[in-house]
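# Secondary and tertiary structure notes
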Amino acid sequence: MVIKNINLETVCGITSTLPENDKPEIAFAGKSNVGKSSLINALMNRKSYARTSQTPGKTQTINFYNINDQLYLVDLPGYGYAKVSQREKEQWGTLIERYLHQSKQLKVVFLLIDIRHEPGEHDKLMYSWVTDQGYHPVIIATKLDKLKRSQVDKHMKMVKQGLNLIPGTKIIPFSAVTKQGRDEIWQLAETEFLGLDEEEQDGAKLKK
Ligand code: GTP
Ligand code: MG
């Protein structure tokens with residue numbers, strides 16, 4: 001994907017009305033601090049357009065990034081952040097569920113899991129929310145650079161088994177530091193979920 005222009009077009013909080021967009025949406029879900037905003041920056045070729053933080057709970061809204069007036073990358077609030085009240089957690093949960101349920105343009109949900117750790121209860125719950133809404137999420141195992149090469153296979157297996165993935169579910173290792181996995185994620189999004197035709201993809205490749 002050649003990024004010509006990006007625009008943080010809509011920011012939705014717990015009481016906001018969700019936008020009725022007319023272009024395809026790709027959403028990123030995952031535990032707080034797992035690297036959703038960092039992945040979105042990598043996909044947009046930007047260092048810090050989407051705000052990231054070492055402190056969990058940075059993104060507390062649903063942020064819609066308009067890419068080339070062609071599609072939206074949707075940054076969902078992170079779950080499992082211990083420091084917020086139970087009431088706030090429930091409200092974010094409701095917001096995410098409302099989005100998954102209501103969006104008419106959502107093509108795919110990427111579910112991010114930190115490759116270093118076994119998926120937790122919240123990850124499993126998120127996975128079932130997404131599949132219950134009829135989506136087949138693609139798993140992204142983040143922070144790949146934090147592992148030694150020799151550990152990667154074992155950890156990929158751990159993520160797969162921990163989520164009890166439906167056979168055939170794609171899982172892509174990714175690092176926001178080295179950008180490994182970035183092209184694969186765009187390629188998958190473009191061909192399988194956005195239905196860009198070959199000419200558009202070839203054009204994109206040529207311009208890369
Ligand atoms: P919330 O907005 O709180 O839900 O978090 P988030 O999922 O958007 O995470 P964010 O992208 O803000 O990243 C959290 C922290 O992890 C930041 O300090 C990032 O620099 C770091 N980080 C994200 N991805 C990677 C990665 O691939 N490798 C390494 N080493 N650090 C990463
Ligand atoms: Mg974030």
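This is a predicted model, so every value here is computed, not measured. (Residues numbered from 1 in each chain as written. Chains lettered and ligands numbered in written order. Predicted model: local features only at pLDDT ≥ 70, side-chain atom pairs only at ≥ 80, totals over all residues. Heavy atoms only, no water.)

### A word on unusual backbone geometry
Located in the positive-phi region is Asn 45, a residue other than glycine, with phi close to 60°. Of note in this structure, Lys 143 is not a glycine but carries a positive phi near 65°.

### Remarks on the site of ligand 1
Taken together, 22 residues form the shell around ligand 1, and within it Lys 36, Ser 38, Gly 57, Asp 145 and Ala 176 come nearest. Residue Ser 53 places a main-chain N or O atom 3.1 Å away from an oxygen atom belonging to ligand 1. Ala 176 is positioned such that a nitrogen or oxygen atom in its backbone is 2.7 Å from an oxygen atom of ligand 1. Considered on its own, ligand 1 offers 660 Å² of accessible surface; in the complex 88% of this is hidden by protein. Taken together, the residues of the shell around ligand 1 break down into four nonpolar, twelve polar and six charged. (Near = heavy atom within 4 Å. Polar contact = N/O pair within 3.5 Å; in protein donor to acceptor, adjacent residues only side chain to side chain. Areas by Shrake-Rupley, 256 points an atom, 1.4 Å probe, with all protein chains shown as cover. Nonpolar A, V, L, I, M, F, W, Y, C, P; charged D, E, K, R; others polar.)

### Details of the packing of aromatic side chains
For the structure on display, the rule yields four aromatic pairs. Note on Tyr 49 and Tyr 65: the rings are 5.9 Å apart at their centroids and 65° apart in plane angle, and the pair reads as edge-to-face. With Tyr 49 in the loop between helix 1 (36–44) and strand 3 (62–67) and Tyr 65 in strand 3, the pair connects residues that are 16 residues apart, well separated along the chain. With a relative accessible area of 32%, Tyr 49 lands in the partly exposed category. Relative to Tyr 99, the ring of Phe 64 has its centre 5.8 Å away and its plane inclined at 75°; by these criteria the two rings are edge-to-face. Of this pair, Phe 64 sits in strand 3 while Tyr 99 sits in helix 2 (residues 86–102); the two residues are 35 residues apart in sequence, bridging distant segments of the chain. Like Tyr 99, Phe 64 is buried. (Phe/Tyr/Trp six-rings, centres within 6.5 Å; stacked < 30°, edge-to-face > 60°. Helix = DSSP H or I, 4+ residues; strand = E, 2+ residues; numbered from the N terminus. Buried < 20%, exposed > 50% of the residue type's maximum accessible area, 1.4 Å probe, protein only.)

### Considerations on the sheet that holds strand 2 (residues 25–30)
Overall, mixed pairing links the seven strands, which are arranged 1-3-4-2-5-6-7 in an open sheet. Edge positions in the open sheet fall to strand 1 (6–12) and strand 7 (171–173), since each of these has one partner strand only. Each neighbouring strand pair of the sheet contributes to a mean axis angle of 25°, computed without reference to strand direction. Pairing geometry for strand 2 and strand 5 (residues 106–114), over six bridges, is parallel. (Pairing = 2+ DSSP bridges. Axes fitted to C-alpha atoms, helices over the stretch in contact; angles between N-to-C directions.)

### Digging into the confidence of the model for the protein chain
Of the residues in the protein chain, 94% have a pLDDT of 70 or more, and the chain-wide mean is 90. Predicted confidence is poor over residues 202–208, with pLDDT under 50, and the contacts of this stretch with residues over four places away or in other chains come to five contacts. (pLDDT = per-residue confidence, 0-100. Contact = heavy atoms within 4.5 Å.)

### Thoughts on the environment of Tyr 99
Exposure remark for Tyr 99: the relative accessible area of 2% places this residue in the buried category. Taking the C-alpha atoms as reference points, Tyr 99 and Ile 14, 85 residues apart in sequence, are found 11 Å from one another. In contact with Tyr 99, not counting residues within four places along its chain, are Leu 18, Glu 25, Ala 27, Ile 62, Phe 64, Val 74, Leu 76 and Leu 106.

### Considerations on the side chain of Asn 66
As for its position among the elements, Asn 66 is in strand 3. With relative accessibility at 3%, the residue Asn 66 sits in the buried group. Among the polar contacts made by the side chain of Asn 66, one reaches the side chain of Glu 9 at a distance of 2.7 Å. Aside from chain neighbours lying at most four places away, what touches Asn 66 is Asn 5, Ile 6, Asn 7, Glu 9, Leu 71 and Tyr 72.

### Describing helix 5 (residues 182–193)
In this model helix 5 runs 16 Å from its N-terminal to its C-terminal C-alpha over twelve residues, within 8% of the 16 Å that 1.5 Å per residue would give. What helix 5 keeps buried is the set Arg 182, Ile 185, Trp 186, Leu 188, Ala 189, Glu 190 and Phe 193. Among the residues trailing helix 5, Gly 195 stands out with phi positive, at a value near 60°. (Expected span 1.5 Å × (residues − 1).)

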